[in-house]
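Chain residues, written in single-letter form:
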Amino acid sequence: MTDRRLLLVHAHPDDESIGSGATMAKYATEGAHVTLVTCTLGEEGEVIPPELAHLAADRDDTLGQHRIGELESACRALGVSDHRFLGGPGRWRDSGMMGAPTNDRPDCFWRADLDEAAAELVAVIREVRPQVLVTYDENGFYGHPDHIQAHRVARRAFELAADPAHPGGEPWQIAKFYYTAMPKSVMKRAAEAMREADIEFWGEDVDALPFGCADEEVTTEIDARAHITAKLDAMRAHATQIAVDAPWFALSNNVGQAALGIEHFILHAGVPGRPGVGAPYEVGGIGEPYNREDDLFAGID
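Rules used throughout
Residues numbered from 1 in each chain as written. Predicted model: local features only at pLDDT ≥ 70, side-chain atom pairs only at ≥ 80, totals over all residues. Heavy atoms only, no water. UniProt positions renumbered as here; feature names shortened; annotations may be inferred. Helix = DSSP H or I, 4+ residues; strand = E, 2+ residues; numbered from the N terminus. Buried < 20%, exposed > 50% of the residue type's maximum accessible area, 1.4 Å probe, protein only. Contact = heavy atoms within 4.5 Å. Polar contact = N/O pair within 3.5 Å; in protein donor to acceptor, adjacent residues only side chain to side chain. Pairing = 2+ DSSP bridges. Axes fitted to C-alpha atoms, helices over the stretch in contact; angles between N-to-C directions. Phe/Tyr/Trp six-rings, centres within 6.5 Å; stacked < 30°, edge-to-face > 60°. Lys NZ or Arg CZ within 6 Å of the ring centre and 35° of its normal.

Side note on the UniProt feature "binding site: Zn(2+)" (unreviewed entry) in the protein chain
Here is step 1: Taking the numbering used here, the UniProt-annotated feature "binding site: Zn(2+)" (unreviewed entry) corresponds to His12, Asp15 and His147. Spatial clustering of the annotated residues is evident: they stretch over 136 residues in sequence, but the largest pairwise C-alpha distance comes to 9.4 Å.
Here is step 2: Looking at where Asp15 falls in the secondary structure, it is placed in helix α1 (residues 15-29).
Here is step 3: Accessibility expressed as a relative area gives 11% for Asp15, which makes it buried.
Here is step 4: Those residues in contact with Asp15 that sit more than four places away from it in its chain are His10, Ser20, Tyr136 and His147.
Here is step 5: Here the side chain of Asp15 touches His12 through a polar contact of 2.9 Å, landing on its backbone nitrogen.
Here is step 6: If near-sequence neighbours (up to four positions away) are discounted, His147 is found in contact with Ala11, His12, Asp15, Tyr136, Gly140 and Tyr142.

Examining the sheet that holds strand β4 (residues 132-135)
Here is step 1: Taken in spatial order, the 7 strands line up as β3-β2-β1-β4-β5-β10-β6 in an open sheet, and their pairing is mixed. Looking at the sheet topology across the chains shown, the edges are occupied by β3 (82-85) and β6 (220-223). Adjacent strand axes in the sheet meet at a mean angle of 25° when their direction is disregarded.
Here is step 2: Bridge count between strand β1 (residues 5-10) and β4: 3 bridges; the pairing is parallel. Bridging from a neighbouring strand, Leu7 pairs with Leu133 of β4.

Describing the side chain of Glu293
Here is step 1: Residue placement: Glu293 occurs in the segment after β10 (262-269).
Here is step 2: Separated by 2.6 Å, the side chain of Glu293 and the backbone nitrogen of Gly273 make a polar contact.
Here is step 3: Discounting residues that sit within four places of it in the chain, Glu293 has contacts with Lys176, Tyr178, Thr219, Thr220, Glu221, Val271, Pro272, Gly273, Arg274, Pro275, Gly276 and Ala298.

Here's the deal with the packing of aromatic side chains
Here the distance between the centres and the angle between the planes together describe a pair of aromatic rings.
Here is step 1: Counted according to the given criterion, the structure contains 7 aromatic pairs.
Here is step 2: On the numbers, 6.4 Å between centres and 75° between planes, the contact of Phe141 with Tyr142 is edge-to-face.
Here is step 3: Look at Phe141 and you get partly exposed, because its relative accessible area is 26%.
Here is step 4: Accessibility expressed as a relative area gives 37% for Tyr142, which makes it partly exposed.
Here is step 5: Here the aromatic rings of Tyr178 and Phe265 are separated by 6.3 Å at their centres, their planes lie at 75°, and the arrangement is edge-to-face. Of this pair, Tyr178 sits in strand β5 (residues 176-181) while Phe265 sits in strand β10; the two residues are 87 residues apart in sequence, bridging distant segments of the chain.
Here is step 6: The structure contains a cluster of three or more aromatic residues connected by ring pairs, namely Phe141, Tyr142 and Phe211.
Here is step 7: Taking the ring centre of Tyr27 as reference, the NZ or CZ of Lys26 above it sits at 4.5 Å.

Section: the environment of Gln131
Here is step 1: Within the element layout of this structure, Gln131 appears in the loop between α3 (114-128) and β4.
Here is step 2: Taking the C-alpha atoms as reference points, Gln131 and Leu296, 165 residues apart in sequence, are found 9.4 Å from one another.
Here is step 3: Here the side chain of Gln131 touches Asp3 through a polar contact of 2.7 Å, landing on its backbone oxygen.
Here is step 4: One polar contact links the side chain of Gln131 to the main-chain amide nitrogen of Arg5, over a distance of 2.6 Å.

Quick look at the structure:
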């Protein structure tokens, strides 16, 4: 199948580049139609550069408007030309971190009506007709309310898009539905590399961190190291949110992370394809026997 169509649902501008940027660049370069849906403008993001500090916490949400431009630049770096905001720019607002007062705003994404938000995504699905859908797991990877809500909305839209009784376009059944993932073994190797480079990391005990998954849960490993430059350029485009010092980057907490060219996923729905060749152990593989897909479209081409 040459007409590959991939749809990714992310919560804020920059999430796409950090979590799936290399994969997006890989498939875009290979000729797949890559569609990105972003659920908010990221109005509650903490601004890193002092020269852009005036954008933070502006009553007119100047930061959100600025981040639209950052996202456009990031998508250009990734080779992605099809980007939409769920329901249109600013339809739902950034909810802030879990427990923040902004969680209570009636217009925040955390409080969005699930079926209303899912209907907006259904319209995109039925227009684009992707074979593959990607979003976060049930915990939104690390517990951010907008990430959790993005998961809920994507999961509901996945169901509704295939339902002939749901209004708005011809039904479409997505073949494979993935969650982004971060294996604990990869986190441990990144932590070791960053300690050797004398860069502050998340903590000494990676297993105790409230995110990351067991290696055996990962079904799919995309080796997109050839596209790491595009990923880093996309991350640099999000200048208010990310400081990049390749191969490392940091968010506003100034805690270092490794920019990974190998990205991992968990197949939530659909039939897994045959295992791929696999990346070497030291850069993200799990060694023999290797049982992960190496292509999100495996088994449906």
